[in-house]
There are 2 protein chains.
Amino acid sequence: MSIRIGILGYGNLGRGVECAIRQNPDMELAAVFTRRNPEDVKILTRTAAVRSVSEAPEWRDRIDVLILCGGSATDLPVQTPEYVKYFNVVDSFDTHARIPEHFGNVDAAAKASGKVGIISVGWDPGMFSLNRMYANAILTEGSDYTFWGKGVSQGHSDALRRIEGVKNAKQYTIPVEEALEAVRAGKNPELSTREKHTRECFVVLEDGADAARIEQEIKTMPNYFADYDTTVHFISEEELKKNHSGIPHGGFVLRSGVTGWEKEHSHIIEYSLKLDSNPEFTSSVIVAYARAAYRLAAEGQTGCKTVFDIAPAYLSSRSGEELRKMML
Amino acid sequence: MSIRIGILGYGNLGRGVECAIRQNPDMELAAVFTRRNPEDVKILTRTAAVRSVSEAPEWRDRIDVLILCGGSATDLPVQTPEYVKYFNVVDSFDTHARIPEHFGNVDAAAKASGKVGIISVGWDPGMFSLNRMYANAILTEGSDYTFWGKGVSQGHSDALRRIEGVKNAKQYTIPVEEALEAVRAGKNPELSTREKHTRECFVVLEDGADAARIEQEIKTMPNYFADYDTTVHFISEEELKKNHSGIPHGGFVLRSGVTGWEKEHSHIIEYSLKLDSNPEFTSSVIVAYARAAYRLAAEGQTGCKTVFDIAPAYLSSRSGEELRKMML
């Protein structure tokens, strides 16, 4: 019997989850829950239902794992503790600083309901976190580096669009190649914000907007751009659509460490992602962890888990025997 | 109280384990067991004992985890099932094709004794296997690539030294940059053995040996060199000592896969290692898994485990709370 998945929230991430389920034959999409009018939401999977989010609890016996595809700012802090009352859930909560608090809330609710809630699944937090953790456990003395990009930062693109006179915009975060090379060479550099990443902006102006004023406003915007070397390109709406409509991303996690009686040997562990579609890759990670949620729940486990708490084999549709034979 | 570790076999790997224990303050080395005369074995840790391997079982109550540092060809197939009768054990069994058989033997013995045996720990098998498995669970449709090097292959160096007229030799396995780049570019190339790696040999001749005959013999040696583009350099013993006495290694694990409703997006997951000392890095992985063996045993688990079966958090000396706060 397949694992019955529900999706709550049908934006880029929800659609990505729907696509990922199609690539995992041991799973099926049962229903999508939306805050919009269900009749206005067209999904790709013919066999799945679209329902109002208010009906979700009624599906508790028809769904094995509910995947929460809301945002981290306001949706997930409320939704994850709420829906784990009814379902095993997976979310991609990515506000790093608030993870301990979110974990506590989900853990209490999941233990009370006897369900499993896996939080902060994706690539960062998620696969990047895992690689930081494994690398730190192996090379106990060393330095960690995380670089993001080249990719689209949604938050920075939104910040550009909030500027008066900006009609549309896309922002790319780009790791500085020299900094990456210095880390790879084992130089353990101390890197400032400016030395790690540059920011490249593609901006469509409203008719009659003042390009010079807008460029100045972008480059001096605190937190978002002021601490970076920022390049601004003014382009047409057509050009933006044609060349910048994708949502690529990626990045690098490195650990540089030493071993030996006198710490005489250096080592570099590097993990990197190059993603054509950030939401689809994130969704693919989430779907693998939905399989884990299903299995952990079947074993009788309850409470909140993160990627650190889950043995890798739980993610795979293959048996332990197959995994040992094919991949060990 | 610290985790008390025993080492069985004091070669490069055993010494690496000893060094790694020094970098993990929650562990201590209790004893090294050797097949040599214990009086002839000088170890670095003043507080640890050196004993004959025949005395090992008597230490069962004084050691929490015994790390088996023998070879995969003849030592470990016998030693791991034998010593798991008395101890929780970790080995680095690396004969990929025989892993299922070894797993079965260790599992039966470990279940009978109520101990935990973790096998095939290191970087390949080990961290490379983990990365293959995670990447396959995430990108279910795609291609896998593993490249090794640049690094010293012990087996190929040994093969060179067996040739008549060769006094000493070191062999480096080198990944072909163009092949790596094609994979990274998402081209999903089909790569022959020759297209993936080259082999570089540094050979010291015996007095009066025939260099031309030896070079020919190397380049045509079946399995070891015939299928590769092989370069042979004849150098002096001094030069070999000076420039080629290290044991560096490393490699790359890549998965190239697609997502999207029509599989329209491509992704690359890459994991790579650049290691100054192959045995010391392997040992550092083993020691992290020794911590896991200790904890799993404390929970009452028994039987054979691999890296696939162990939740990442078990490897770290940090608490779940710390890990979530610092690394998620």
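It should be emphasised that the depicted structure is a prediction, and the values quoted were computed from it without experimental measurement. (Residues numbered from 1 in each chain as written. Chains lettered and ligands numbered in written order. Predicted model: local features only at pLDDT ≥ 70, side-chain atom pairs only at ≥ 80, totals over all residues. Heavy atoms only, no water.)

Details of the pairing of strand S1 (residues 3–8) of chain B
Each regular strand shows side chains that alternate between the opposite faces of the sheet.
Residues and elements named next belong to chain B.
Right, on to step 1. S1 sits mainly inside the fold: five of its six residues count as buried.
Right, on to step 2. Taking the sense of rotation as the criterion, the β-α-β connection linking S1, helix H1 (residues 12–22) and strand S2 (residues 27–34) turns out right-handed.
Right, on to step 3. Sheet analysis places S1 next to strand S4 (residues 65–68), joined by four bridges and oriented parallel. Directly across from Leu 8, in S4, lies its bridge partner Leu 68. (Buried < 20%, exposed > 50% of the residue type's maximum accessible area, 1.4 Å probe, protein only. Helix = DSSP H or I, 4+ residues; strand = E, 2+ residues; numbered from the N terminus. Right-handed = clockwise from strand over helix to strand, strands pointing away. Pairing = 2+ DSSP bridges.)

Re the sheet that holds strand S9 (residues 166–175) of chain B
Right, on to step 1. Reading across from one edge, S8-S9-S10-S11 (chain B) is the order of the four strands in this open sheet, with mixed pairing throughout. At either margin of the open sheet sits one strand with a lone partner, and together these are strand S8 (151–152) and strand S11 (229–234) of chain B.

Some remarks on the confidence of the model for chain A
Right, on to step 1. Summing up the model confidence of chain A, the mean pLDDT is 97 and the portion of residues at 70 or higher is 100%.
Right, on to step 2. Interface confidence in the predicted complex, given as ipTM, is 0.97; pTM for the same model is 0.97. (pLDDT = per-residue confidence, 0-100.)

Topic: helix H6 (residues 177–184) of chain A
Right, on to step 1. Where H6 of chain A is concerned, the buried positions are Ala 179, Leu 180, Ala 182, Val 183 and Arg 184 of chain A.
Right, on to step 2. Looking at the buried residues of H6 of chain A, the elements they touch are strand S7 (142–148), strand S9 (166–175), helix H7 (193–196), strand S12 (249–259) and strand S13 (265–275) of chain A together with strand S13 (265–275) of chain B.
Right, on to step 3. Directly after H6 of chain A, the chain includes Gly 186 of chain A, whose backbone phi takes a positive value near 75°. (Contact = heavy atoms within 4.5 Å.)

Section: the relation of the copies chain A and chain B
Right, on to step 1. Expressed as a screw transformation, the operator carrying chain A onto chain B has a rotation angle of 180° and an axial translation of 0.0 Å, and the superposed copies differ by an RMSD of 0.0 Å. What the rotation and shift describe, once combined, is the action of a two-fold rotation axis. Taking C-alpha positions as reference, the residue of chain A nearest the rotation axis is Ala 311 of chain A, located at 1.8 Å.
Right, on to step 2. By residue overlap, the copies meet face to face through one surface: 100% of the interface positions of chain A are interface positions in chain B. (Least-squares fit on C-alpha atoms with pLDDT ≥ 70 in both.)

Here we look at the environment of Pro 125 of chain B
Right, on to step 1. With respect to the helices and strands, Pro 125 of chain B occurs in the loop between strand S6 (116–118) and helix H4 (127–138).
Right, on to step 2. Residue class for Pro 125 of chain B comes out buried when judged on its relative accessible area of 3%.
Right, on to step 3. Between the alpha carbons of Pro 125 of chain B and Asp 94 of chain B there is a distance of 6.0 Å; along the sequence they are 31 residues apart.
Right, on to step 4. Not counting residues up to four positions away in its chain, the partners in contact with Pro 125 of chain B are Leu 328 of chain A together with Phe 93, Asp 94, His 96, Ile 99 and Ser 120 of chain B.

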